[in-house]
Amino acid sequence: MMGLGEVLPQLLLLATVVSFAKTSPYTSYQNQRFAMQPQDQTAVVGARVTLPCRVINKQGTLQWTKDDFGLGTSRDLSGFERYAMVGSDEEGDYSLDIYPVMLDDDARYQCQVSPGPEGQPPIRSTFAVLTVLVPPEAPKITQGDVIYATEDRKVEIECVSVGGKPAAEITWIDGLGNVLTDNIEYTVIPLPDLRRYTAKSVLRLTPKKEHHNTNFTCQAQNTADRTYRSVKIRVEVKYAPKVKVNVIGLHPGGAGVSSTSTSTSTTSSSTTMGGSRIVEHSQVRLECRADANPGDVRYRWFINDEPINGGQKTEMVIRNVTRKFHDAIVKCEVQNSVGKSEDSETLDISYAPSFRQRPQSMEADVGSVVSLNCEVDSNPPAEIVWIQHPSDRVVGTSTNLTFSVSNETAGRYYCKANVAGYAEISADAYVYLKGSPAISSSRSQYGLVGDTARIECFASSVPRARHVSWTFNGQEISSESGHDYSILVDAVPGGVKSTLIIRDSQAYHYGKYNCTVVNDYGNDVAEIQLQAKKSVSLLMTIVGGVSVVALLLVLTILIVVYIRCKKRTKLPPADVISEHQITKNGGVSCKLEPGDRTSNYSDLKVDISGGYVPYGDYSTHYSPPPQYLTTCSTKSNGSSTILQNNHQNQLVVQQQQQQQQHQHHTQTLPMTFLTNSSGGSLTGSIIGSREIRQENGLPSLQSTTASVVSSSPNGSCSNQSTTATTTHVVVPSSMALSVDPRYSAIYGNPYLRSSNSSLLPPPTAV
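Below, the structure is looked at part by part. (Residues numbered from 1 in each chain as written. Predicted model: local features only at pLDDT ≥ 70, side-chain atom pairs only at ≥ 80, totals over all residues. Heavy atoms only, no water.)

### Some details on the overall build of the protein
Argument step 1. Each helix and strand counted, the protein has five helices and 53 strands in total.
Argument step 2. With 766 residues in all, the protein has 40% of them scored as buried.
Argument step 3. Sequence separation of 24 or more characterises 67% of the internal contacts of the protein that already satisfy a separation of 6 or more.
Argument step 4. Accessible surface computed for the protein: about 42,000 Å², of which carbon and sulfur atoms make up 51%. (Helix = DSSP H or I, 4+ residues; strand = E, 2+ residues; numbered from the N terminus. Buried < 20%, exposed > 50% of the residue type's maximum accessible area, 1.4 Å probe, protein only. Contact = heavy atoms within 4.5 Å. Areas by Shrake-Rupley, 256 points an atom, 1.4 Å probe, with all protein chains shown as cover.)

In structure tokens:
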């Protein structure tokens, strides 16, 4: 700033220039004038500003003024470090350069030239306004980094930006990125320097659950710096529970309603609500989900506004949902410290059709109009069809069937209701045409003499019959007619049935009876003949029953025998003889018991001459394996002779056989038993033959020849003697064996099938 002593000389110089210009007698000089004058400019603090000023024919002294205050006449403008006049005198350029621009530079500037020495008049440029802009400081939120709020209760959030020139523009952005324009109060407060300003913006927010844990942003900027500066605040919102009720599962159910608490739940793959219906008698699980802050909540369940006992859990189970729950409103109420809220679900139950109201039979006159009503309860609604019987013609498809009564329309009608997935239901009703009664009973009926007889008189009668009477031989039968008769009258659909009961009927009770039925429209009479029928005696009934039972029993026995015969097992080949009982023509029966199946049966030797072989050590060369034993029996005329290898009776049997060989010329049955002196088992061979000689002098075997080889590993027939013996048993020809040749000794022993079978085979050791 220049002092007063410096200002006064300049003012005097200016006044002298003006005065000289007015009084100078010279008028032939060139005036000084501006080639370029300064213009208004705007600059940001720290920038460089140049205010142009060019003068033509400059004669006087040039200076710049700031808010009418002279800055000096020298180009370096001493005293103003940031100011300087740039350019050259030759070009007449005296532009004012300011760098760096500061807030104090915000002022009006003018370029002035004093009068010339020859009386040239002074000149002044237009005023140029330099506007200096200042970016605002970073905004601040007075509530800090976090603000705690409650849902639906308004809070104020204040954002301040200081020092801006011009004042900062403040913008609010919510946590979802939306720019807020409502409920905002903006205030500008000048600072003490009157150049800069403080901007304040107050956001009046109504918090919602969606605002919980979101950040609200305050942005500040002005024309000095269009880069936003921002600050954030996090909003913590306490809110009442947000509730949602869902059907999460359907299962085969039991009965009752209960609630359960679970942390997680799984939705049934087959049956959730999803717009579909719940099948009746299912078990339904409903879940109540609640989002709340704070999370300490309490649950309550209601069905049609009736609280459920024990319903303080997150789930409710209806174990047997029936049609009474259809359209029921299931509500879940959840409460925390902030408040409570609720949600509900309307149950849509699918159930089978049933009749609310069945069609009712009615009586009508010809020409009258009647209406049959059929109301069905089902979900989904049933499709109703009316069918007239017996034509089976569809006559209606609505709940009510209305028509005019005639001979054609009277009769039976069916109301049928169909619901997809359920069985059809139907109900019938009759439309009776009023008229005189008509008796339709059989005109001949029967009874047993000595038994109770009944005569039935059935009559269709609309309206209902007023009177039914019976007569016999011209006499009306009534309660006074004696104890023989009694009359029963029963109402039946569309008519009446009267039964005349005759107790202990006798021959004189049989004959012609008249039945008379009377109603309001007339009467009808029918003559019914009661005839006696012959009775079947009790004895004949019993005999017939017993005969039938006996016949059934015989048939059953025959069937059982047939089945057993079909299952009879065939005998296997001789070389694989198993456990079989072989009996043929009442001959010898041998039981083969399990033993060593690997033994060679061809080792068995048979004496076919009927005599004793005088050489050969049977105990040494022909002893069978020790695990075999033979038990044989002969059967004849119902008796049985058991042949066993017993050491005590072998000698006796042998002596008897030798004696019988000389006394009888009957067919012989040689039997050879081989015993092992070591206590082993015995193998026997039985051969039945006829006295027929071959060319080699040996007897031959006919088709009746039988060979039975049997064994027993348990030693039940073992001989404990120490020597080998041979026993021959003579059997009468009537007892000759007839056995399959495969079981003969010839078939099973290769030695017996050769021509030299009489020779003794070489010894073999066991």
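### Considering the packing of aromatic side chains
Argument step 1. Under the criterion given, the structure shown has five aromatic pairs.
Argument step 2. Taken together, a centroid distance of 6.5 Å and an interplanar angle of 70 degrees make the contact between Y83 and Y109 edge-to-face. Taken together, the residues Y83 in strand β7 (residues 83–86) and Y109 in strand β9 (residues 107–113) connect sequence positions 26 residues apart. For the pair shown, Y83 and Y109 are each scored as buried.
Argument step 3. With a centroid separation of 4.1 Å and 15 degrees between ring planes, the pair formed by F472 and Y513 is classed as stacked. (Phe/Tyr/Trp six-rings, centres within 6.5 Å; stacked < 30°, edge-to-face > 60°.)

### Describing the pattern of salt bridges
Argument step 1. All chains considered together, the criterion is met by 27 salt bridges.
Argument step 2. Notably, a salt bridge pairs R108 with D68, separated by 3.6 Å at the nearest N-O pair. Pair noted here: R108 is in strand β9 and D68 is in the loop between β5 (62–66) and β6 (69–70), with a separation of 40 residues, a long-range link.
Argument step 3. Residue D68 is classed as exposed on the basis of its relative accessible area of 51%. (Salt bridge = Lys/Arg side-chain N within 4 Å of Asp/Glu carboxyl O.)

### Quick look at the sheet that holds strand β3 (residues 49–51)
Argument step 1. Pairing is antiparallel in the open sheet, where three strands are placed in the order β3-β8-β7. Edge strands, defined here as strands with exactly one partner in the open sheet, are β3 and β7. Within this sheet the neighbouring strands show an average axis-to-axis angle of 25 degrees, counted without direction.
Argument step 2. By the bridge criterion, four bridges tie β7 to strand β8 (residues 95–98) in an arrangement that is antiparallel. (Pairing = 2+ DSSP bridges. Axes fitted to C-alpha atoms, helices over the stretch in contact; angles between N-to-C directions.)

### Some words on a nonpolar patch on the surface
Argument step 1. Among the surface-exposed residues, V548, L551, L552, V554, L555 and L558 lie close enough to one another that they form a single nonpolar patch of about 570 Å² accessible area.
Argument step 2. With respect to the helices and strands, the residue L555 is situated in helix α2 (residues 538–566).
Argument step 3. Taking the relative accessible area as the measure of exposure, L555 reaches 44% and is therefore partly exposed. (Patch = residues over 30% accessible without salt bridge, like charges linked within 9 Å, V, L, I, M, F, W, Y side chains within 5 Å.)

### Focus: the nonpolar core
Argument step 1. Ranked by internal contacts, the top residues of the largest apolar core, which has 26 residues, are L62, W64, Y83, L96 and Y109.
Argument step 2. If you list the elements that add at least two residues to this core, you get β3, β5, β7, β8, β9 and β11 (128–133).
Argument step 3. Examining the composition of this core, we find that four residues originate from one element, β9, more than from any other.
Argument step 4. If we skip the residues at most four places from it in the chain, Y109 touches L51, W64, T65, K66, Y83, L96, I98, T126, F127, A128 and L130.
Argument step 5. Residues V284, L286, I303 and I349 belong to the second largest nonpolar core, which totals 23 residues. (Core = buried A, V, L, I, M, F, W, Y, C linked by side-chain atoms within 4.5 Å.)

### Some remarks on the sheet that holds strand β18 (residues 197–205)
Argument step 1. Read from one edge to the other, the open sheet built from four strands follows the order β12-β14-β18-β17, with strand pairing classed as antiparallel. In the strand order of this sheet, the two ends are held by β12 (140–141) and β17 (184–190), each with one partner.
Argument step 2. Sheet analysis places β12 next to strand β14 (residues 155–164), joined by two bridges and oriented antiparallel. What sits directly across from K140, in β14, is V160.

### Quick word on the state of the cysteines
Argument step 1. Inspection of every chain in the model, using the stated rule, returns five disulfides.
Argument step 2. Here C159 pairs with C218 through a disulfide, and the sulfurs are 1.8 Å apart. Taking the sign of the S-S torsion, about -85 degrees here, the bridge from C159 to C218 comes out left-handed. One end of the pair, C159, is in strand β14; the other, C218, is in strand β19 (residues 214–222), and 59 residues separate them in sequence.
Argument step 3. Classification of C159 as buried rests on a relative accessible area of 0%.
Argument step 4. Note that C374 is cross-linked by a disulfide to C415, the S-S spacing being 2.0 Å. Its S-S torsion of about -75 degrees marks the bond between C374 and C415 as left-handed, since a negative value means left-handed. Here C374 is found in the loop between β31 (369–373) and β32 (375–379), whereas its partner C415 is found in strand β36 (residues 411–418), with 41 residues between them in sequence. Each member of the pair, C374 as well as C415, is classed as buried.
Argument step 5. If one numbers only the bonded cysteines of the protein, in the order they occur, the disulfide pattern is 1-2, 3-4, 5-6, 7-8, 9-10. (Disulfide = S-S within 2.5 Å.)

None of the figures reported here should be taken as evidence of function without further support.
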